[in-house]
Each structure stands twice: as C-alpha cells, then as structure tokens.
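In case you want the letters, here they are:
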Amino acid sequence: AQSVTQLDSQVPVFEEAPVELRCNYSSSVSVYLFWYVQYPNQGLQLLLKYLSGSTLVESINGFEAEFNKSQTSFHLRKPSVHISDTAEYFCAVSVLSGGSYIPTFGRGTSLIVHP
Amino acid sequence: NAGVTQTPKFQVLKTGQSMTLQCAQDMNHNSMYWYRQDPGMGLRLIYYSASEGTTDKGEVPNGYNVSRLNKREFSLRLESAAPSQTSVYFCASSDPAGGIVDQPQHFGDGTRLSIL
C-alpha cells in the first residue's frame, strides 16, 4: 500500500519570498503524483501532476514540483509567493490496484503568506 | 459552468438518523468519488465508481453506502448516522484521458455534516 507524508502541517512565509512544501511517498511500484490546492470553504483544485516524462512539472500560476525517484519525493516550490497563495495544499499519489488507480492524499500543508 | 454540484451544503443530524448526500457532474465523466475531510487527516476515500453501474470501497467505507444512479449522479447514504461521521464530504469526478490515470480532477464545494 502507498502512503503520502507531508512533512509540514503549516508553513508561514512573507510575501515575495520563496517557498517549498515537502511531500514524500512510499510505494514499491510506479506512481503518479499530484498536488492540489484548497481555498477556504471550497473543494480541491488540481494544481499540477506528474505522470511520466520530464521530472519537473509546472502549473500556470508559477508553482513547480520535481519528481525525485531516488528520494521518493515530490516537493512543491514557488520562487515568489503572493498573499493569494494562502491556502491548504495536498500532495497525492496514485498506484494501480485491482485495475484502478486508487488515490491517497497527504494530510495537507497550510501555506500562510504574510504581507 | 457548474462542474460538480453537491447538495446539501450544510446538514445537522441526530445520531441514528439517515440521510443521502447528492452529487451530480455535468462533464460527462466516467469516474466519481466520495471523500471525507477531517482536520489533520487530509482526504480519505470512502467509495468510488470507475464507471456507470460499478462501485468499489475505498479506505473508509464502513457506515456508508453509495449508488451510481447514472453517469451524472453518485449519491452517498448514511443509514444510521454516528458522531464519528461528522465531517466535510467531498464529491469528485474525473475522466482519464486514454485510460491512463484515474485521479479526481474536479471537486464539489463540499457538504458540511454535523451529527449530534
């Protein structure tokens, strides 16, 4: 069975500073990796995903994540955050099981951007 | 641009009562999911439906039942509500392009359920 560990429950940062949200997974088979963002009182939105190919994936709003197979990590980064990036971020992994890809979510990291 | 619609948005129940949470998507997606979100626990999969007419248990199915009524609708039923089922429930859908990866991509805004 796979599991996802988000190492920080809360990450405070000042506006325009860089940020890294850490995610590690455990699985003995090939995985697909995802980051979601959740704004207050809303559902989750898919931010970016790694399926295959280039290990560096980017979102349209400046976030990027790098798949590191040897370290079983998929950390999310942004070089300069905005107040509007304040939200809960979830890392997720999908592994093929019984003919379907079953997703598992991490417990989330709350990104708090201060002015 | 409705996407995934959940009803109701809020509900308070007494222990032992039953209710059905409704979910509908207008994107013609094959796969639908039900999750619960609890503080510090992330999202946990309750049930999913890979296609119309099929349902499968997820990580925490006990105390719940589901129905995939048609391609659009996927309902979650609590037959006898318990305080431990107090949570925020999310419905989601996806349509794996080329059958590659089945991962929820569109979420509803959630149903906040309190059981007293």
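An account of the accompanying structure is given in this report. Residue numbers restart at each chain and count upward from 1, following the sequence in its written direction. Chain labels run from A onward and ligand labels from 1 onward, assigned in the order the entries are written. Reporting of local features is limited, given that this is a predicted model, to residues whose pLDDT is at least 70; pairs of side-chain atoms are given and counted only at 80 or more, and all residues count toward the totals for whole chains, interfaces and linings. The side-chain quantities take in all heavy atoms of the structure and omit both hydrogens and water.

## Some details on the sheet that holds strand β8 (residues 75–78) of chain B
Paired through their backbone hydrogen bonds, the strands of a sheet run either parallel or antiparallel.
All names here are of chain B.
1) Next: Strand order in the open sheet formed by four strands is β1-β3-β8-β7, and the pairing between neighbours is antiparallel. Each end of this open sheet is capped by a strand with a single partner; those strands are β1 (4–7) and β7 (64–67). Between one strand axis and the next, the sheet turns by 20° as a mean value, whatever way the strands run.
2) Next: Strand pairing is defined by DSSP finding a minimum of two bridges between the two strands. Starting at the N terminus, helices and strands are each numbered in turn, a helix being any DSSP run of H or I of at least four residues and a strand any DSSP run of E of at least two. Across four bridges, the pairing between β7 and β8 is antiparallel. From the neighbouring strand, Ser67 faces β8, where its bridge partner is Ser75. To obtain each axis, a line is fitted to C-alpha atoms, and for helices this fit is confined to the stretch in contact; angles are then taken between N-to-C directions over 0 to 180 degrees.

## Details of the interface of chain A and chain B
1) Next: Each partner contributes to the interface: chain A provides 21 residues, whereas chain B provides 20 residues.
2) Next: Between chain A and chain B, the buried area comes to about 1,700 Å², and carbon and sulfur atoms account for 57% of it.
3) Next: Any carboxyl oxygen of Asp or Glu that lies within 4 Å of a side-chain nitrogen of Lys or Arg is treated as forming a salt bridge with it. Counting across the interface, chain A meets chain B through zero salt bridges.
4) Next: Polar contact is the term for a pair of N or O atoms within 3.5 Å; when the atoms are in protein, one must be able to donate a hydrogen and the other to accept it, and sequence-neighboring residues count only if both atoms are side-chain atoms. Joining chain A to chain B, the criterion identifies one residue pair in polar contact (both at pLDDT 80 or more).
5) Next: Counting residues per element, the ones that place at least two in the side of chain A that touches chain B are β5 (32–38), β6 (44–50), β10 (87–97) and β11 (100–105) of chain A.
6) Next: In terms of residue count, the dominant contributor to the side of chain A that touches chain B is β11 of chain A (five residues). Contacts are residue-level and defined by heavy atoms, with any inter-residue pair within 4.5 Å sufficient. As used here, buried area is the combined drop in accessible area, with a 1.4 Å probe, of two parts when they are placed together.

## With respect to the packing of aromatic side chains
1) Next: Ring pairs are drawn from Phe, Tyr and Trp, using the six-membered ring of Trp, whenever the two centres fall within 6.5 Å, and their geometry is named by plane angle: stacked under 30 degrees, edge-to-face over 60, tilted for the rest. Applying the stated criterion to the full structure yields 10 aromatic pairs over all chains.
2) Next: Ring plane angle 25° and centroid distance 6.3 Å describe the contact between Tyr25 of chain A and Phe67 of chain A, whose orientation is recorded as stacked. A residue pair is termed long-range when its members are at least 10 positions apart, and Tyr25 of chain A in strand β4 (residues 24–26) and Phe67 of chain A in strand β8 (residues 64–68) qualify at 42 residues. For the pair Tyr25 of chain A and Phe67 of chain A, one class covers both residues: buried.
3) Next: The interplanar angle of 25° and the centroid separation of 4.4 Å between the aromatic rings of Tyr50 of chain A and Phe67 of chain A together place this pair among those described as stacked. With a gap of 17 residues between them, Tyr50 of chain A in strand β6 and Phe67 of chain A in strand β8 connect regions that are remote in the sequence.
4) Next: Each residue is placed in one exposure class: buried if its accessible area under a 1.4 Å probe, protein chains only, is under 20% of its type's maximum, exposed if it is over 50%, and partly exposed if it falls in between. By relative accessible area, which is 11% here, Phe67 of chain A ends up buried.
5) Next: Among the aromatic side chains, those forming a connected cluster through ring pairs are Tyr36 and Phe105 of chain A together with Tyr33, Tyr35, Phe90 and Phe107 of chain B.

## Concerning the pattern of salt bridges
1) Next: Using the criterion set out here, one finds seven salt bridges over all chains in the structure.
2) Next: Of the charged contacts, one joins Arg77 of chain A and Glu66 of chain A as a salt bridge, the two residues approaching to 3.8 Å between their closest N and O atoms. With Arg77 of chain A in strand β9 (residues 73–78) and Glu66 of chain A in strand β8, the pair connects residues that are 11 residues apart, well separated along the chain.
3) Next: By relative accessible area, which is 36% here, Glu66 of chain A ends up partly exposed.
4) Next: Across the pair Arg36 of chain B and Asp38 of chain B runs a salt bridge whose closest N-O atoms are separated by 2.9 Å. Comparing Arg36 of chain B with Asp38 of chain B, the two get one shared label, buried.
5) Next: Salt bridges linked by common partners bring Glu20, Glu66 and Arg77 of chain A together as one network.

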